[in-house]
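Coordinates in review
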Amino acid sequence: ALGKQAVAAMRARFGDAVFEQIIPDAIGVQESLNARRPMVLYRPRSASAQAYTKIATAIANGAPRGGA
């Protein structure tokens, strides 16, 4: 619930500058930070890594932020 409230607040403030794709909150994200490895290398098959990849691909392809 808190995560949904945070996303709603960010979208209210920044509008289309916030991506539709949300990075799932997972222990692996914190573990990858502690290991100093990108999530896409630490746990490449995880939902979080896939979400990061989707956003990065959208940015690389020039998609509008709300499009990812």
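Please read all numbers here as calculations on a predicted model, not as lab measurements.

1. Focus: the pattern of salt bridges
All chains considered together, the criterion is met by two salt bridges. A salt bridge links Arg11 to Glu20; its shortest N-O distance comes to 3.9 Å. Of the residues examined, Arg11 reaches a relative accessible area of 27% and is grouped as partly exposed.

2. Details of the side chain of Ser48
On the secondary structure map, Ser48 appears in helix H4 (residues 47–60). Ser48 has contacts with Ile23, Pro24, Ala26, Val29 and Met39, leaving out every residue within four places of it along the chain.

3. Let's talk about unusual backbone geometry
Only a minority of non-glycine residues have a phi that is not negative, and only a minority of peptide bonds are not trans. Of note, the phi angle at Arg36 is positive, near 55°, even though the residue is not glycine. With respect to the helices and strands, Arg36 occurs in the loop between helix H2 (27–34) and helix H3 (39–42). Judged by relative accessible area, which is 79%, Arg36 ranks as exposed.

4. Re the confidence of the model for the protein
Should the pLDDT be low somewhere, the predicted coordinates at that spot are not to be read in detail. When pLDDT is averaged across the protein, the result is 87; 90% of the residues are at 70 or more. In the model of the protein, helix H1 (residues 2–14) stands out as the element of lowest mean pLDDT, 89, in contrast to H3, which has the highest, 94.

5. A look at H2
Turning to H2, its buried residues are Gly28, Val29 and Ser32. Summarising the axial view, the buried residues of H2 lie within an arc of 105°, below the 170-degree limit, and thus occupy one face. Facing away from the buried surface of H2 by more than 90 degrees, the exposed residues are Ile27, Leu33 and Asn34. Buried residues along H2 sit in contact with H3 and H4. Where H2 terminates, the next one or two residues include Arg36, which has phi positive at roughly 55°.

Definitions and cut-offs
Every chain is numbered independently, its residues counted from 1 as its sequence is written. Per-residue local features of the predicted model are confined to residues with pLDDT of at least 70, and side-chain atom pairs are confined, for both listing and counting, to 80 or more; whole-chain, interface and lining totals are unaffected and use all residues. Hydrogens and water molecules were not included; the side-chain quantities draw on all heavy atoms of the structure. Should a side-chain nitrogen of Lys or Arg be within 4 Å of a carboxyl oxygen of Asp or Glu, the pair is scored as a salt bridge. Throughout this description, buried means an accessible area under 20% of the type-specific maximum (1.4 Å probe, protein chains only), exposed means over 50%, and partly exposed covers the range between. Numbering of helices and strands runs from the N terminus; a helix is a DSSP stretch of H or I covering at least four residues, while a strand is a stretch of E covering at least two. Whether two residues are in contact is decided by their heavy atoms: any pair within 4.5 Å suffices. On a range of 0 to 100, pLDDT expresses the predictor's confidence in each residue. In this context, the arc is that of the directions from the helix axis out to the C-beta atoms.

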